[in-house]
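Report on the structure
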Amino acid sequence: MTGSADIGDTAAAPQTRRRGFLARLVRAAAGLVLGAASAGAELVLLALAAPVMAYALAFSRGQRTVPTVLADGAVRLTTLERRRLSIFYGYDEPAQHGPVRALAYLVLRAPVGVLGGIILILIAYGAAAAVSLALGWWVTGDYADGIEPEPWIVTYIVVLGLVLLFLGIQGLVGVVALERKVARRCLGPSPLEAYERRIAQLSVSRAEVVDAVDDERRRIERDLHDGVQQRLVALGMLIGRARRAGDGERAQELLRQAHEESQRALEDLREVAWRVYPAALDGEGLRTALETVAERSPVPVTIDYEVAGRPPHAVETAAYFVVCEAVTNANKHSAAARVAVRISGDEKMIHVRIEDDGTGGADPAGGGLAGLARRVAALDGDFAVESPSGGPTVISAELPCG
């Protein structure tokens, strides 16, 4: 069992983050280029829509209608914009848009796209000018406007270019944020709709929590009935036989068996208590409790724990039971040879990932996994199970700490 990340993984983490940042930067730039191109099509649609809408409103006898051609065009362009925001900006918030809301969105979105295109053109022009000036100074010797590359001139131009580049990048960041804000404002649900949706989610979560508690009680009752209770019955029978035995040696043998049965009953009782709630979770914390799970598992379990500080108690409990149930399933059903557990996160979110190399085929609707999904949903978290036939099985959970 290992309780921390390997040195190679730790050294590679900054490089991975840098690659991820560059990838996001390239995606954002591509999204801005496409956004500037789509803004042209949107301006054409809006220019055609203005007189048509004015005519439709003048002769619609008070009914606010949008001509079919304009409605279809606006809805399609808005759908394409939402897809662009999702692919390049990671904006996946739920949105609703009919023709009127789609037109309102395009009216606000088109100028933002044009602004992004202008900033991109200025950055490209500045880069081309910088390359041309550098080539003239140090390659061809053809000084632009007779400006010789004096050290103070070079320093001045480099500093000025970096400042302008910084301002241009900040402008692009602002355009991306403005695009997301416009989409949320025009296409997202109204505050009343958001409240109603949230109330519905809380009602479902409350019902799921009640179901999870009932399932847990039934499981405890089953463990007590099938394990501890049966051993106590056997213990009582052995003691009764020992009392009725006329032979002293026979009575001693029965008492010895009764003593062994009492030890097994105590072990079963401790096992049930540990499965209900481990004491280490309150004392030493999540990491120690997970190490106990790994020690008790017949299948080798590696634990990679990278969480600064202690998460909230409810989050620790949910993460523990997710790992415990996943390891139990791997032991009982998947014929796995190893299980890898990774816990990472910060003060905002805890990420839990359990992967085994078993046969796969886990049913997310099964009793144990469904109970975990309800437990995670009660904390407004996300729970997912990926278990194709043949494996591997990956169980993941994201638990907000707020």
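For the structure itself, consult the block above.
Residues numbered from 1 in each chain as written. Predicted model: local features only at pLDDT ≥ 70, side-chain atom pairs only at ≥ 80, totals over all residues. Heavy atoms only, no water.

Description of the environment of R342
- With respect to the secondary-structure elements, R342 resides in strand β2 (residues 339-345).
- The sequence separation of R342 and T302 amounts to 40 residues, and the corresponding C-alpha distance is 8.3 Å. (Helix = DSSP H or I, 4+ residues; strand = E, 2+ residues; numbered from the N terminus.)

Side note on the pattern of salt bridges
- According to the stated counting rule, one finds 14 salt bridges in the structure shown.
- Residue E253 is joined to R256 by a salt bridge in which the shortest nitrogen-to-oxygen separation is 2.4 Å. Placement of the pair is E253 and R256 together in helix α6 (residues 248-276), with a separation of 3 residues, close to one helical turn.
- The partly exposed category is assigned to E253, whose relative accessible area is 29%.
- Note that D304 and R342 form a salt bridge whose closest N and O atoms lie 2.5 Å from each other. Taken together, the residues span a long stretch of sequence, with D304 in strand β1 (residues 301-307) and R342 in strand β2 at a distance of 38 residues.
- The buried category is assigned to D304, whose relative accessible area is 15%.
- According to the relative accessible area criterion, R342 is partly exposed, its value standing at 33%. (Salt bridge = Lys/Arg side-chain N within 4 Å of Asp/Glu carboxyl O. Buried < 20%, exposed > 50% of the residue type's maximum accessible area, 1.4 Å probe, protein only.)

Looking at the packing of aromatic side chains
- Per the stated rule, a full pass over the model turns up 1 aromatic pair.
- Centroid distance Y320 to F321: 5.2 Å. Interplanar angle 75 degrees. Geometry classified as edge-to-face. Here Y320 matches F321 in class, with each residue buried. (Phe/Tyr/Trp six-rings, centres within 6.5 Å; stacked < 30°, edge-to-face > 60°.)

A word on the environment of A245
- Counting through the fold element by element, A245 comes out in the loop between α5 (191-244) and α6.
- On the basis of relative accessibility, which here comes to 22%, the residue A245 falls in the partly exposed class.
- If sequence neighbours within four positions are ignored, A245 has contacts with R250, A251 and L254. (Contact = heavy atoms within 4.5 Å.)

Some details on a positive patch on the surface
- Judged by side-chain charge, R241, R243, R244 and R250 come together as a positively charged surface patch.
- Looking at the positive patch, the element that brings in the most residues is α5, giving 3 residues.
- Here R243 shows up in helix α5. (Patch = residues over 30% accessible without salt bridge, like charges linked within 9 Å, V, L, I, M, F, W, Y side chains within 5 Å. Areas by Shrake-Rupley, 256 points an atom, 1.4 Å probe, with all protein chains shown as cover. Lys, Arg positive; Asp, Glu negative; His and termini not counted. Charge placed at Lys NZ, Arg CZ, Asp CG, Glu CD.)

Describing the nonpolar core
- Y320, I343 and V352 are the most contacted members of the largest nonpolar core, which totals 37 residues.
- Among the elements of the structure, α8 (286-296), β1, α9 (313-332), β2, β3 (349-356), α10 (367-377) and β5 (393-400) are those that each provide at least two residues to this core.
- Ranked by residue count, the leading element in this core is α9, at 11 residues.
- Core analysis: the next-biggest nonpolar cluster, separate from the first, contains 25 residues, Y91, L103, Y105 and V112 among them. (Core = buried A, V, L, I, M, F, W, Y, C linked by side-chain atoms within 4.5 Å.)

Description of the packing of helix α2 (residues 68-89) against helix α4 (residues 151-187)
- Direction vectors running N to C along α2 and α4 enclose 135 degrees, while the axes themselves pass 12 Å from each other. Between α2 and α4, the crossing angle belongs to the class labelled oblique. For α2 against α4, the interelement crossing comes out left-handed. Along its contact with α2, which presents T78, R82, R84, L85 and Y89, the element α4 presents V176, E179, R180, A183 and L187. (Axes fitted to C-alpha atoms, helices over the stretch in contact; angles between N-to-C directions. Parallel < 35°, antiparallel > 145°, perpendicular 65-115°, else oblique. Left-handed = near helix turned anticlockwise from the far one by under 90°.)

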